[in-house]
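Residue-level listing of the chains:
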Amino acid sequence: MKLRDTLGRRVAVQGIHKRFAGAGRAALDDVSLSVAPGSIFALLGPSGSGKTTLLRIIAGFETPDAGTVIIGDRVVCGPSARVAPEKRGIGFVFQHAALFPHLTVRENILFGMHGFPKPTQKAALAHVTELCALPALLDRYPHELSGGEQQRAAMARAMARGNGVVLLDEPMSSIDASLRAEMGAELRTILRESGTTAILVTHDQAEALAFADVVGVMREGRIEQIDTPQNVYVSPVNPAVGSFLGAANFVPATLSADELRTEIGCFICARMQPMGERLEVMLRPNELAVARDDGGSAFIDDTRFTGATWLYTVRLASGNIVRCEMPAPGHAPIEPGARVRVSSSVSRPLVFPADRD
Amino acid sequence: MVAAALLAIIVALPIVAVIISVFEARADVWVHLAETRLLALSWNTIRLLAGVLVGAGVLGVGLAWLVAVHRFPGRRFFQVALVLPMAVPAYVVAFVMVGLLDFAGPVQTWLRGVFGPNLWLPEIRSYGGVVIAMSLVFYPYVFLLARAAFAERGASMVEAARSLGRGPGAAFWRLALPIARPAIAGGLGLVAMETLGDFGTVSIFNYDTFTTAVYRVWFGMFDRVAAGQIAIALMLFAFLLIGGERLARGRARYTVPDVARSSPIPLSRGRAWLATAACTLVVLIAFVVPAAVLVKWSMRAWQLGHVAQTYPQLVRNTAFIAMFAAVIASFCALVLAYGSRVSDSRALRALRPAALLGYAVPGSVIAVGVLLVLTWLDNGLNNVFKSLFGIELPMLLIASAGGLLFAYLIRFLAVPFQSVQAGLGRIPKSLDESARSVGASTSRVLTRIHAPLLRGSLATAMILMIVEVVKEMPVTMLIRPFGFETLAVEIWQRTSDGMWIEAAPPSLTILACGTVLVALVTRMQKS
């Protein structure tokens, strides 16, 4: 069965533009990206950032105003080509699974195998059933499955044809928050084992970071940054990306020599290029520490227990608010109203110009 | 709640009466019927039903699929325009078709003028003619329900299919069609009821069915029981249809929540214009042409002085009976819907469908049932008076307009009920509870809280009821008081004499009234 060893194919888009009729802003503005064969790419962005539109353009459900889509080594959408979605050789996992409600799981999977020789169908069915842990569920109807089982069935259906490319549109959004991480790990294993190229659309940064090899952060129709999960989190290209990937404090700073002076201490300036007078440093809550200090100039506004940590809202002398997270074990909570001192263990924080949008 | 239960029982009574009448043995009538017409009638009715279901089904489903998931010029306009034929009573389309296309009509006359007198042309008063006329008028029932089903899931089904390497064709046949089946079956169910219940259209086409037989047995043979028995056969047809679809469903489900985004499929240039042309053609034939012809004929009737002298009286009668019926029916609908809201009693839950059954029962069956009940009551009254005072009473109830109103109520109660219930559903239960908690009784909650909030739904209920009553034919024909003429009665009398021009003014009145009122309701529901 040669079908099984298919390696994922490359997916690339270049210079995609899309504006919907009647919309003020372009939905997609000069978007380009390339996904290596067999890797998992996450398109991360808030709703309205254009990520789903981009995925639908790759699938062929929408037509871009300009730009090229390449799947494998074939241009499926470009100035001189427009391949129908059913001829592109992709699998698509929809937000709500979109299993056909009147067909059993088996019939759902075989729906896409129409026209394949019978033995191939059988082998493919056996393979994806095994891969997605479905053997016991084959004869059930979709409404008889749990949310997670439905998504696994949808995954099996999308992969059965052995195309090597699967596009996933927020596949976990209809699943209970408590099961989401586990489900994500399952889907990731399925993709890995089969060497499938995958593009995942999500607005959940934790999901994107845990799921993907490469993350593309989108905002207002543009790709802001493409990098590994670690890098987009640790070194975002701008404050917007930084705060979208996780809670972040931006503390005003002034540069003198190569020292950044802020209310909560001095830091080494990591960037060399001139950035103007007004700057701010980005510090995640877990990079800050609070300590009770009766002579301190900051106050605790709010104290919250999250389980693993204590989360403080701290008002600095200037009136600026910062959030600060202390690991719970061994930490004696500080009550609101108490005077505190804020410090940071980071020596070279990220620094951005302060006058952003 | 007691009032609601009582109402349900009263409304169900005539249908029960029809069923009971079957058990009164009248073998001779059955034998007579069996020997002469029963087989032919059954065959005619089945054949008609099959033809109209296919015709209306293909038109309704095809147009719905086109409009719901494809992009082509005029798509938004046709989403509304394709529903318009519903405003035209079937018998009006029928007589316009016959008037235009029969042997003496302008089209055939012109064709013979061009091609010579021996030209063969199809006979319009035929099976094919009825099927085409009814399909054109009844397809919107299927169209409306199928369009809603396709719009909800169709485009996303197509996308799912395409992501699996299958084209839009497979998506339609294998996915959208089976998934929309309950909706389509619901629409076809309505078409079947309309077809079975139709009286005017088949009369105009001289096509005998159970409905016309009921009428002829009643007035020709004056045999109530036989009429009731034919009516039962007709009713059985209707119920078999409803039961069949339920059985065919099995374990599969057809609805799943789906809010996924999907966009209409663009059609290639040629196909897009073909789609536009197809929609235009249907709207033209089923609505624009009949309306235009009616205007033309009405003007001719006016010029020739052929507008019935009684025309103002006809309009007054129709308006009077329709409005009266609308007020009564809306009130009853309110009582029934409200009873279901405040009480969850099993008795009421069992009785409510009985009260709404009338919509599934052909008008002539209801008419016969009402007549049976009224005769029985009249005889009872008469006996009481004879034994007490020794006076012979005339048939009081039968001769009154009360029977007619009662029959309309049974036939159409489901129409106002639907809009009142929908309106009640939008009023949160917590409003009732807070009113009750400050000491208001149920009736006070109804008059002071619900009635003001329900004004819109009640107005809709009344308007829809007026539309139904104005164009109603078989019930009116069978139980109107002697000499009580309405627009529909006038149309039937003129068309049965082949006087198309004379039938045009009342038809135009009904058509205009229906179109305006339906537009009004649509506007009200939007705001």
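About the cut-offs
- Residues numbered from 1 in each chain as written.
- Chains lettered and ligands numbered in written order.
- Predicted model: local features only at pLDDT ≥ 70, side-chain atom pairs only at ≥ 80, totals over all residues.
- Heavy atoms only, no water.
- Patch = residues over 30% accessible without salt bridge, like charges linked within 9 Å, V, L, I, M, F, W, Y side chains within 5 Å.
- Areas by Shrake-Rupley, 256 points an atom, 1.4 Å probe, with all protein chains shown as cover.
- Salt bridge = Lys/Arg side-chain N within 4 Å of Asp/Glu carboxyl O.
- Helix = DSSP H or I, 4+ residues; strand = E, 2+ residues; numbered from the N terminus.
- Expected span 1.5 Å × (residues − 1).
- Buried < 20%, exposed > 50% of the residue type's maximum accessible area, 1.4 Å probe, protein only.
- Contact = heavy atoms within 4.5 Å.
- Buried area = accessible area lost by both parts, 1.4 Å probe.
- Polar contact = N/O pair within 3.5 Å; in protein donor to acceptor, adjacent residues only side chain to side chain.
- pLDDT = per-residue confidence, 0-100.

Draft legend 1. Region of the structure containing a nonpolar patch on the surface. A cluster of nonpolar side chains, L281, L284, I285, V288 and V289 of chain B, forms an exposed patch at the surface whose accessible area comes to about 380 Å². Residue position: I285 of chain B is located in helix 12 (residues 269-304).

Draft legend 2. Region of the structure containing helix 4 (residues 147-159) of chain A. Under the 1.5 Å per step criterion, the end-to-end length of helix 4 of chain A is 18 Å for 13 residues, consistent within 8% with the ideal 18 Å. Along helix 4 of chain A, 10 of the 13 residues are buried, which leaves the element largely enclosed by surrounding structure. Within helix 4 of chain A, burial applies to G148, Q151, R152, A153, A154, M155, A156, R157, A158 and M159 of chain A. As for helix 4 of chain A, its buried residues are in contact with strand 7 (91-93), helix 2 (105-111), helix 3 (118-131), strand 8 (165-169) and helix 5 (177-194) of chain A together with helix 6 (127-163) of chain B.

Draft legend 3. Broad picture of the interface of chain B and chain A. Across the contact, 28 residues belong to chain B and 31 residues belong to chain A. Interface area, chain B with chain A, both sides summed: about 2700 Å², of which 60% is carbon and sulfur. Put simply, chain B and chain A have 2 salt bridges between them. Run the count over chain B and chain A and you get 5 residue pairs in polar contact (both at pLDDT 80 or more). When residues of the side of chain B that touches chain A are traced back to their parent elements, those giving at least two are helix 6 and helix 7 (168-179) of chain B.

Draft legend 4. The arrangement of unusual backbone geometry in detail. Residue and element names in this part refer to chain A. Of note, the phi angle at A133 is positive, near 55 degrees, even though the residue is not glycine. Take A133: it is sitting in the loop between helix 3 and helix 4. At E170, a residue that is not glycine, the phi angle is positive and equals roughly 45 degrees.

Draft legend 5. Main features of the confidence of the model for chain A. The share of residues in chain A with pLDDT of 70 or more is 96%, and the mean pLDDT across the chain is 88. Below a pLDDT of 50 lies the segment residues 1-5 of chain A, which in the model reaches 10 contacts outside its immediate sequence neighbourhood of four places, other chains included.

Draft legend 6. The environment of N238 of chain A, seen in detail. Residues and elements named next belong to chain A. Residue placement: N238 occurs in the loop between helix 7 (229-234) and helix 8 (239-245). A relative accessible area of 17% places N238 in the buried class. Not counting residues up to four positions away in its chain, the partners in contact with N238 are E224 and F352. Reaching out from N238, the side chain makes a polar contact with the backbone nitrogen of V241 at a distance of 2.8 Å.

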